[in-house]
Each structure stands twice: as C-alpha cells, then as structure tokens.
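As a plain string of letters, each chain reads:
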Amino acid sequence: MSQYHLDYLGQLESEAIHIMREVAGQFERPALLFSGGKDSITLVHLALKAFRPGKFPFPLVHIDTGHNFSEAIDFRDDLANKLGEKLIVRKVEDTIKAKNLTEPKGKFASRNQLQTYTLLDTIEEFEFDACIGGARRDEEKARAKERIFSVRDEFGQWDPKRQRPELWNTYNGKIQKGENVRVFPISNWTELDVWNYIRRENIDLPSIYFAHDRDVIEHEGQLVAVSEFIRLDAEDKILKKKVRYRTVGDMTCTAAVESDASTINDIIREITATKTSERGETRIDDKVSEAAMEDRKKNGYF
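What you see is a predicted model, and the numbers here were worked out from it, not measured in a lab. (Residues numbered from 1 in each chain as written. Predicted model: local features only at pLDDT ≥ 70, side-chain atom pairs only at ≥ 80, totals over all residues. Heavy atoms only, no water.)

*Asks:* For this particular structure, what's the right way to read the overall build of the protein?
*Replies:* Scanning the protein from terminus to terminus reveals nine helices and 10 strands. Going through the 302 residues of the protein one by one, you find that 54% of them count as buried. Looking at the protein alone, contacts between residues at least 24 apart form 74% of all its contacts between residues at least 6 apart. Accessible area for the protein stands at about 14400 Å²; split by element, carbon and sulfur atoms hold 47% of it. (Helix = DSSP H or I, 4+ residues; strand = E, 2+ residues; numbered from the N terminus. Buried < 20%, exposed > 50% of the residue type's maximum accessible area, 1.4 Å probe, protein only. Contact = heavy atoms within 4.5 Å. Areas by Shrake-Rupley, 256 points an atom, 1.4 Å probe, with all protein chains shown as cover.)

What follows is the structure in structure tokens.
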C-alpha cells in the first residue's frame, strides 16, 4: 500500500474520531447502532480509538428484525462481550405484536419497513438524542443527500430540504425537545476505503464476508440464500454456490455474489474491479422503486 493511501486512510480515521468525540461532547444520550456488519464493526473500532482506555459514552444498539444471518448476530454478541460494552437489542417481532402490525407477505417478506417503528420506539424508550450509524454516501443516492449530522423531527422524519450546512468540520447538534440526530462518522468513506482500513487495522469480521458454500436460489439475476424466511416456489431450483456477501442485511432482502475471495486482499481486488455499488448489486429491497430508500428515511428509517 502506498504512503499516500496510508495518509488518506489516516485522514478518514481522524475525521471519524473527531465526529464521535463531537457526539460525546454535544449530546446527553447518544447511542451507536451496531448490527454486526462490517461498517458498524468499523465504527466500534473507531470508538475504541476515540475513547479507550475509558468506556464508550454510549451503548451499542441493535434493532433486530429476526431475519438476520446467524454469523452476524453471533459476531455482534461476541464482540460486545469481549469489549465489555453494553448492548441493547430491541426486536421488530415484539413491535409487531405490541402494535398489531401487519407483516409483509410474498416471496421475500422483508421486515425493513417495520424496523422503523422499533427504532423510533427505542429512541423514545431510552430518550436517545443522537444515533451513530455506519451509512456511507456511496451506498445509495438517498444516503448521498444527508449531512454528517442529520436532524430528525419529533416524529423521526427527515426533510432533505431543511439540512444544516457543515462548513470547516463544524457540526451543529442543537435540537429541540423530541428531536434527534442521526450521525454518520464514515459518511465520506467508500466501500473500498472501509476494506482498506479493515486490512490496515487487522479488524476481525464475520465469516459471511468471505467466500463459502451456500444453498441459494437465483431470482432476477441475484443469488438469495435459502432460509426459513423466504418462500420457495415449485419452479425454484436450489443451487450450491460459492458466494460471499458485500453487505449484511436481512436474509429476505440481501443477495450474495459469486466469489472465490477468501482473504481481504482478494476482496479488495474484487471491489476495485467492480462497477456496481454494494447495495445496487445485492439489496433486493432497494429495487422496489427509484426512491425506495429516500421514502423510508423520510419516515424515520436510519
């Protein structure tokens, strides 16, 4: 790796650490959203650099849909235990029962829309005034519209036309009672930046990110894992493929990519050669409409 690239990663790291410390300084009850995916794992690593040897000034929070990959959930629990940090888990299934919500139907019945209810209830339960997340601007078009500090109103809603300017790394966290802020410390990173940083820092990841054999079905050009959460139809043909995951969402809406990449260096070579974003290639739920993500974010989705 070139010296220039090392300096570039150092600049990204420094900015992210600065943002995390700004959150700790400006907010009374922040939280870090942690799913066991590579971006949130990177955030935890950055938090270690920002606040150790002290404890994190926020808990780790996961909004669990119940449709997760077991590898990510096991990693989530193991890392929280290893670090001795508080992990709060709130389940979408409990929200469905409490609010008598109707679950989506169909072949890939995703709970992503319902996840918003659980997130907003969790923010209200713990009175969180800031939630740190691992969203990046290169993931999806709606992500690119947000600031580092993204203010949400008392209903959790985001208005892309009423965002605050962020000049000279100055972040304004002043909010009214009931409002909260979503904070994105790695917003200026790309997928390739994250992987280069993971390599540089030797960060452990769930095995799902590396090539492995898995039973899948092919649906509209995408490889979807066979699981209890999807509906298999008579015409579906179960295939055994060597795959890996570029992003880890629910099993109902996240497709795998065929790959022989068994090391981080292999993955970096693959990403360097691809012309498709990770969400564009692997997220089924983002294909509902051109504005699918933006509509969810306006309603309170992270």
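After presenting the structure, the write-up continues.
*Asks:* Help me out: how do you make sense of the pairing of strand E7 (residues 212-219) in this one?
*Replies:* As a general feature of sheets, a regular strand has side chains that alternate between the two faces. Pairing of E7 with strand E9 (residues 239-244) involves five bridges; the strand directions are antiparallel. Pairing of His212 across the sheet is with Val243, part of E9. Inspection of the sheet shows E7 paired to strand E8 (residues 222-225) by four bridges, in the antiparallel sense. Residue Val216 lies in a different strand from E8, and its bridge partner there is Ala225. (Pairing = 2+ DSSP bridges.)

*Asks:* Would you mind showing me how to read the sheet that holds strand E1 (residues 30-33) here?
*Replies:* Across a sheet, paired strands are connected by hydrogen bonds in the backbone, their directions being either parallel or antiparallel. The mixed open sheet is built from six strands, whose spatial order is E3-E2-E1-E4-E6-E5. Strand pairing shows two members of the sheet lacking a second neighbour, strand E3 (87-91) and strand E5 (149-152), which therefore form its edges. If you compare each strand with its neighbour and ignore which way they point, the axes differ by 30° on average. Relative to strand E4 (residues 130-132), E1 runs parallel, the two sharing three bridges. Bridge pairing in E4 places Leu32 opposite Ile132. Across the face of the sheet, helix H5 (residues 112-126) comes into contact with E1, strand E2 (60-64), E3, E4 and strand E6 (180-183) while running at roughly 135° to E3. (Axes fitted to C-alpha atoms, helices over the stretch in contact; angles between N-to-C directions.)

*Asks:* Please explain helix H2 (residues 38-51) as it appears in this structure.
*Replies:* Because an α-helix completes one turn every 3.6 residues, residues spaced three or four positions apart along the sequence face the same direction. Under the 1.5 Å per step criterion, the end-to-end length of H2 is 20 Å for 14 residues, consistent within 8% with the ideal 20 Å. Extensive coverage of H2 is indicated by the burial of 12 of its 14 residues. Of the positions making up H2, those classed as buried are Lys38, Asp39, Ser40, Ile41, Thr42, Leu43, Val44, His45, Leu46, Ala47, Ala50 and Phe51. (Expected span 1.5 Å × (residues − 1).)

*Asks:* Please explain the nonpolar core as it appears in this structure.
*Replies:* Nonpolar side chains tend toward joint burial in soluble globular proteins. By size, the foremost hydrophobic cluster in this structure holds 58 residues, and its most contacted members are Leu32, Leu46, Phe149 and Trp195. In terms of domain composition, this core takes at least three residues from each of domain 1 (8-192 + 291-298) and domain 2 (206-282). Setting aside its immediate chain neighbours within four residues, Leu46 contacts Glu13, Ala16, Ile17, Met20, Ile186, Trp189 and Tyr197. Core analysis: the next-biggest nonpolar cluster, separate from the first, contains 13 residues, Val92, Leu119, Phe128 and Cys131 among them. (Core = buried A, V, L, I, M, F, W, Y, C linked by side-chain atoms within 4.5 Å. Domains from an automatic or database assignment.)

*Asks:* Any chance you could explain the sheet that holds strand E10 (residues 255-258) here in plain terms?
*Replies:* Spatial strand order, E7-E8-E10-E9: four strands in a closed barrel with antiparallel pairing. The sheet shows a mean angle of 70° between the axes of neighbouring strands, taken without regard to direction. In terms of strand pairing, E9 meets E10 through two bridges, oriented antiparallel. Considered in E10, the bridge of Arg244 is made with Val257.

*Asks:* Whenever I open this one, the side chain of Thr122 confuses me. Can you help?
*Replies:* Within the secondary structure, Thr122 is located in helix H5. Dropping the residues within four chain positions of it, Thr122 is found in contact with Val61, Ile63, Arg90 and Phe128.

*Asks:* What's the story with the packing of aromatic side chains in this structure? I'm lost.
*Replies:* Given two aromatic rings, their pairing is described by the distance between the two centres and the angle made by the two planes. On inspection of all chains with the given rule, the structure shows nine aromatic pairs. Where Phe126 meets Phe128, the ring centres are 5.4 Å apart and the plane angle is 20°; that geometry is what we call stacked. Among the residues examined, Phe126 registers a relative accessible area of 23% and is labelled partly exposed. Its relative accessible area of 8% is what places Phe128 among the buried residues. Ring centres 6.5 Å apart and planes at 80° place the aromatic pair Trp195 and Phe210 in the edge-to-face group. Pair noted here: Trp195 is in helix H6 (residues 191-201) and Phe210 is in the loop between H6 and E7, with a separation of 15 residues, a long-range link. We note that Trp195, like Phe210, is buried. An aromatic cluster is built from Phe27, Phe149 and Tyr171, whose rings are joined through pairwise contacts. (Phe/Tyr/Trp six-rings, centres within 6.5 Å; stacked < 30°, edge-to-face > 60°.)

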